[in-house]
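These are the residues of each chain, in order.
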Amino acid sequence: MATPVKVYGPPVSAAVSRVLACLLEKDVPFQLLPVNMAKGEHKKPDYLNIQPFGQVPAFQDESITLFESRAISRYICDKYANQGNKGLYGTNPLEKASIDQWLEAEGQNFNPPSAVLVFQLAFAPRMKIKQDESLIKQNDAKLVKVLDVYEKRLKESRYLAGDDFTLADLSHLPNTQYLVNGTDKEELFTSRKNVERWWGEISSRESWKKVVEMQTSPPPRSA
Ligand SMILES: N[C@@H](CCC(=O)N[C@@H](CS)C(=O)NCC(=O)O)C(=O)O
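Residues numbered from 1 in each chain as written. Predicted model: local features only at pLDDT ≥ 70, side-chain atom pairs only at ≥ 80, totals over all residues. Heavy atoms only, no water.

1. Notes on the pattern of salt bridges
Right, on to step 1. Counting across every chain of the model gives 14 salt bridges.
Right, on to step 2. The partner of Asp61 in a salt bridge is Lys79, with the nearest N and O atoms 2.9 Å apart. With Asp61 in strand 3 (residues 58-61) and Lys79 in helix 3 (residues 69-79), this residue pair connects regions lying 18 residues apart in the sequence.
Right, on to step 3. Overall, the relative accessible area of 3% leaves Asp61 in the buried class.
Right, on to step 4. For Arg192, the salt bridge identified is with Asp148, shortest N-O distance 2.9 Å. Of this pair, Arg192 sits in the loop between helix 8 (186-190) and helix 9 (193-203) while Asp148 sits in helix 5 (residues 133-156), placing them 44 residues apart in sequence.
Right, on to step 5. Residue Arg192 is classed as buried on the basis of its relative accessible area, which comes to 12%.
Right, on to step 6. Put simply, Arg18, Arg70 and Glu106 are held in one network by salt bridges that share partners. (Salt bridge = Lys/Arg side-chain N within 4 Å of Asp/Glu carboxyl O. Helix = DSSP H or I, 4+ residues; strand = E, 2+ residues; numbered from the N terminus. Buried < 20%, exposed > 50% of the residue type's maximum accessible area, 1.4 Å probe, protein only.)

And the structure:
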């Protein structure tokens, strides 16, 4: 049997959970290795050897070490093209171009405001960090504009890149999960008919349900 790929980082991290959802969609066996961020393990020299920016996730498969969750996900789809969800990253240049376009939209347009809101509204209170109201307001306004574009697109198309669920949709799962279930921003998604339908469909995928389970179950005790 092939050696499982390695993912370093906690499943509660949005970027780690993006990679986990992709591995589960592609039926790729993986080993999840803990990185104790509270203890600063992600800034220690050993970890910086595999992720020079000191962030999670890091990823290893055979001789390759990668960072950046979207690049890792693209690699997984290409390397394991013939297993699991074979259309996740498209099967021809036209499909791939559309998926890449919406993946970029997620990374460049959706992620910046949504990541700020997730941090400010879901993580800052738990970490006893004071929330920045003006940052929340600014990013709420930015996300409204992005979701208006999505609403229009999703009125014409079942999923972002076309008729099928792809990496472009998957990439939105982590931040949206936090915004819908862990903040008071659910309405941004539920007030838009087609965005709401899309969220209902993508968040009920078995792969994502498993990731949410991993996020909510306590980490295994070390011996
Ligand atoms: N663009 C990177 C973002 C990685 C990232 O921001 N990871 C966060 C957790 S979700 C992290 O490691 N934060 C700790 C830090 O930046 O020191 C990716 O997609 O992999």
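2. A few points about the pairing of strand 1 (residues 5-8)
Right, on to step 1. Pairing of strand 1 with strand 2 (residues 30-33) involves four bridges; the strand directions are parallel. From the neighbouring strand, Val7 faces strand 2, where its bridge partner is Leu32.
Right, on to step 2. Traced from strand 1 through helix 1 (residues 14-25) to strand 2, the parallel crossover comes out right-handed.
Right, on to step 3. Here three bridges tie strand 1 to strand 3, and the two strands are oriented antiparallel to one another. Each bridged residue has a counterpart across the sheet, and for Tyr8 the counterpart in strand 3 is Ala58. (Pairing = 2+ DSSP bridges. Right-handed = clockwise from strand over helix to strand, strands pointing away.)

3. A look at the UniProt feature "domain: GST N-terminal" (unreviewed entry) in the protein chain
Right, on to step 1. UniProt's entry tags residues 3-84 with the feature "domain: GST N-terminal" (unreviewed entry), counted in the numbering of this structure.
Right, on to step 2. Across residues 3-84 one finds 33% helix and 20% strand; the C-alpha atoms that close the span lie 17 Å apart. (UniProt positions renumbered as here; feature names shortened; annotations may be inferred.)

4. Examining the site of the ligand
Right, on to step 1. Contacts to the ligand come from 13 residues, most closely from Lys43, Gln55, Val56, Glu68 and Ser69.
Right, on to step 2. Residue Val56 places a main-chain N or O atom 2.9 Å away from an oxygen atom belonging to the ligand.
Right, on to step 3. Across the complex, the protein chains shield 70% of the 510 Å² of accessible surface that the ligand would expose by itself.
Right, on to step 4. When residues of the shell around the ligand are traced back to their parent elements, those giving at least two are helix 1 and helix 3.
Right, on to step 5. Here the residues of the shell around the ligand sort into five nonpolar, five polar and three charged. (Near = heavy atom within 4 Å. Polar contact = N/O pair within 3.5 Å; in protein donor to acceptor, adjacent residues only side chain to side chain. Areas by Shrake-Rupley, 256 points an atom, 1.4 Å probe, with all protein chains shown as cover. Nonpolar A, V, L, I, M, F, W, Y, C, P; charged D, E, K, R; others polar.)

5. Considerations on the packing of aromatic side chains
Right, on to step 1. If you walk through the whole model with that rule in mind, you get eight aromatic pairs.
Right, on to step 2. Considering the side-chain rings of Tyr150 and Trp198, the 6.1 Å spacing of their centres and the 80° angle between planes classify their relative orientation as edge-to-face. Here Tyr150, found in helix 5, pairs with Trp198, found in helix 9; they are 48 residues apart in sequence, far enough to count as distant.
Right, on to step 3. A relative accessible area of 2% places Tyr150 in the buried class.
Right, on to step 4. Trp198 sits in the buried class, given a relative accessible area of 0%.
Right, on to step 5. Members of the aromatic cluster, connected to one another through ring pairs, are Trp102, Phe110, Tyr150, Phe189 and Trp198.
Right, on to step 6. Positioned above the aromatic ring of Tyr89, the side-chain terminus of Lys96 is 3.9 Å from the ring centre.
Right, on to step 7. The lysine or arginine in question, Arg126, covers the ring of Phe123, its NZ or CZ lying 5.1 Å from the ring centre. (Phe/Tyr/Trp six-rings, centres within 6.5 Å; stacked < 30°, edge-to-face > 60°. Lys NZ or Arg CZ within 6 Å of the ring centre and 35° of its normal.)

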